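Each chain, letter by letter, is given below.
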Amino acid sequence: MQITINNNQYEANQGDRLLEVARLNHEHIGYFCGGNTICQTCYVKVLEGAELLSPLSEEEKAILSENLLKAGARMACQATVEKPGTIRVVSAVEEVRHLLETSPLELGGYAATMGWEALVKVPDTLRLQAGREFDLWQLLTDVIGGIGDAWQLVFSAFCGSCSCKEKSETTVC
Ligand code: FES
C-alpha cells in the first residue's frame, strides 16, 4: 500500500499505525508521548484515502474536536492502515513549517485555532485519561524515546528550511 506523508511516499502494510510508518521513515509527525495517546502532537490531516484507515477510536473521539474531525484530522498513534490504496496525510508539524516559510503572519491564527480546538475537548480528554491504566515503566521509556526522536525531527524539519547548516556547524537555527 502507498502512503504519502508530507509529500513523501512510503510503503505500508495492513495494520501499520500511521505513526510507525512515519517513525520508520524519519518523517516529521510529532509524538512526544511515544504513541501513548497523551501528548496530542501526532495530529495529521488526511487529504486522501480516509476510508482506507481504521475507524475513529474512542480515544480519537474523546480528543479530536468536531471541527478537527470535519477537517480530516486523525491521531497518527491511533489510526492504522486497513485497506489497499493510496493514503495522503500532512502532519501538524509540516503545516507549521509550511506556514513559517510561506505565510508566517498566519502562524498566530493557526496556533490559536489549534489551541481552541484542544480546549473545547479538555473535559472529554480528562475523562479519557482518568480512566486509563498505564505501565509506568513502559510509558517512561516510550516518552523518553518519543521526546528524543520528536525533537530531532522537529529540529530537522525547521532547520531544513534555513541555510544554517551551510553557514556553520555551530550555528543554531
Ligand atoms: S498522542 Fe502522543 S503520539 Fe499520539
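So, a few notes on the structure that sits alongside this text. (Residues numbered from 1 in each chain as written. Predicted model: local features only at pLDDT ≥ 70, side-chain atom pairs only at ≥ 80, totals over all residues.)

Digging into the overall build of the chain
- In terms of helices and strands, the chain carries eight helices and five strands.
- The order of α-helices and β-strands along the chain, N terminus first, is β-β-α-β-α-α-β-β-α-α-α-α-α.
- Expressed as a percentage of its 173 residues, the buried residues of the chain come to 24%.
- Taking the intrachain contacts of the chain between residues at least 6 apart in sequence as the baseline, contacts between residues at least 24 apart amount to 70%. (Helix = DSSP H or I, 4+ residues; strand = E, 2+ residues; numbered from the N terminus. Buried ≥ 20, exposed ≤ 12 C-beta atoms within 10 Å, placed from the backbone. Contact = placed C-beta atoms within 7 Å.)

Brief notes about the sheet that holds strand β4 (residues 73-75)
- Spatial ordering of the open sheet is given by β2-β1-β5-β3-β4, a layout of five strands whose pairing is mixed. Of all strands in the sheet, those with a lone pairing partner are β2 (8-11) and β4, marking the two edges. Direction aside, neighbouring strands of the sheet carry axes that sit 35 degrees apart on average.
- With four bridges connecting them, strand β1 (residues 2-5) and strand β5 (residues 86-91) associate as parallel partners. Looking at β5, one finds that Ile3 is bridged to Ile87.
- Each of β3 (43-48) and β5 is contacted by helix α4 (residues 92-102), which is oriented at about 60 degrees to β5, the strand it contacts most. (Pairing = 2+ DSSP bridges. Axes fitted to C-alpha atoms, helices over the stretch in contact; angles between N-to-C directions.)

Things to note about the nonpolar core
- Grouped together as the largest cluster of nonpolar side chains are 26 residues, with contacts concentrated most on Leu18, Leu19, Ala22, Ile29, Cys42, Met75 and Ala76.
- Elements with a contribution of two residues or more to this core: β1, α1 (18-24), β3, β4, β5 and α4.
- The element that contributes the greatest number of residues to this core is α1, accounting for four residues.
- In this structure Ile29 touches Ile5, Leu19, Ala22, Cys42, Val44, Ala76, Ser91 and Val93, once residues within four positions along its chain are discounted. (Core = buried A, V, L, I, M, F, W, Y, C linked by C-beta atoms within 7 Å.)

Some words on the pairing of β2
- Where β1 lies against β2, four bridges are found, and the strand directions are antiparallel. Within β2, the residue paired with Ile3 across the bridge is Tyr10.

Here's the deal with the environment of Asp149
- By secondary structure assignment, the location of Asp149 is in helix α7 (residues 136-159).
- Taking C-alpha positions, Asp149 is 8.9 Å from Gly30, a pair spaced 119 residues apart along the chain.

So, the environment of Cys33
- Among the structural elements, Cys33 can be located in the loop between α1 and β3.
- Its 19 C-beta neighbours within 10 Å are what place Cys33 among the partly exposed residues.
- Expressed as a C-alpha distance, the spacing of Cys33 and Leu139, which sit 106 residues apart in the sequence, is 7.8 Å.

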